[in-house]
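A structural walkthrough
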Amino acid sequence: MEESEDVPKDFIKLKSEKLSVDEVSELVVSPYCGAVSLFIGTTRNNFEGKKVIHLEYEAYTSMAETEIKKICRDVRQKWPSVKHIAVHHRLGVVPITEASVIIAVSSPHRAESLEAVMYCINTLKASVPIWKKWIKRRAAGTVCYCILRTCQFYGLSLFERQKFTRKGTINHF
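Figured I'd write up the structure that's included with this text. (Residues numbered from 1 in each chain as written. Predicted model: local features only at pLDDT ≥ 70, side-chain atom pairs only at ≥ 80, totals over all residues. Heavy atoms only, no water.)

Description of the layout of surface pockets
What counts is decided by this rule: Using only the protein atoms, space was sampled on a 1 Å grid; points where a 1.4 Å probe fits but cannot get out form cavities, open sets with protein on both sides within 12 Å along at least five of seven lines form pockets, and lining residues are those with an atom within 4 Å of a point. Grid points are joined across faces, edges and corners, and a volume is the space filled by probe spheres set on the points. Each residue is assigned to one of three groups, with Ala, Val, Leu, Ile, Met, Phe, Trp, Tyr, Cys and Pro labelled nonpolar, Asp, Glu, Lys and Arg labelled charged, and all others, Gly among them, labelled polar.
Empty space within the largest pocket amounts to approximately 210 Å³. G41, Y57, V101, K125 and K132 are the residues nearest the centre of the largest pocket, which is lined by 16 residues in total. Residue composition of the lining of the largest pocket, by class: seven nonpolar, five polar and four charged.

Topic: helix α2 (residues 61–78)
Put simply, the rule reads: Numbering goes from the N terminus for both helices and strands, where a helix is a DSSP run of H or I of at least four residues and a strand is a run of E of at least two. Every helix has an expected span of 1.5 Å times one less than the residues it contains. In what follows, residue pairs with any heavy atoms lying within 4.5 Å of each other are defined as contacts.
Taking 1.5 Å per residue, 18 residues should reach 26 Å; α2 reaches 26 Å between its end C-alpha atoms and fits that length. In this structure, the buried residues of α2 make contact with β1 (9–15), β5 (84–90), α3 (110–127) and β8 (130–137).

Section: the side chain of T123
Filter applied, for reference: Buried residues are those whose accessible area, probed at 1.4 Å on protein chains only, stays under 20% of the maximum for their type, while exposed residues exceed 50% and partly exposed ones sit between those limits.
Assignment of secondary structure puts T123 in helix α3. Judged by its relative accessible area of 18%, T123 is buried. Apart from the residues lying within four places of it in its own chain, the contact partners of T123 are I71 and V128.

Observations regarding the sheet that holds β1
Put simply, the rule reads: One requirement defines pairing of two strands: DSSP has to find at least two bridges between them. As a rule, the C-alpha atoms of each element are fitted with a line to give its axis, helices using only the stretch in contact, and angles between N-to-C directions run from 0 to 180 degrees.
With mixed pairing, four strands are arranged side by side in an open sheet as β1-β5-β7-β2. Whereas interior strands pair on both sides, the edge strands pair on one side only; in this sheet they are β1 and β2 (35–42). The average angle at which neighbouring strand axes cross in this sheet is 5°, direction not considered. Note: β1 against β5, seven bridges, orientation parallel. Paired with K15 across the bridge in β5 is R90. This element, helix α1 (residues 21–28), spans β1, β2, β5 and β7 (99–107) of the sheet and lies at about 160° to β5.

Here it is as structure tokens:
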């Protein structure tokens, strides 16, 4: 990459394939920056004392991408020295230990990129229409589906948000 072409860029991707830490971190590397900060959210094998089999993510894709673009704009206003931002989120089934989300930010110095990464993940979880469903095993061996995170986008209630899910229903246990 020629240095004259190193203009700030945002890389946003929602996909069902396995996420690559190397791919995401390479997107934000810049000769102008001495820091690349990463957040990698992975699937753990337990929640509330129950064994988790895997996670499943669904999204209202076009709105999710729009909201992530807003997050990137906010980051650039709060930390003007930030160079590149990458936000990749997995959809569909995510097995134990695999990444659900990878966020990378580059900046000349570490403080800005570290703060920006934390802001990105916290704001993404609060405002982006991506739903996480934990698939847990109950004591009797039966499978339990539980939606634990629904964002609060545009003030819609849980009932109103259901129409944005792929299957149209949300089961709570």
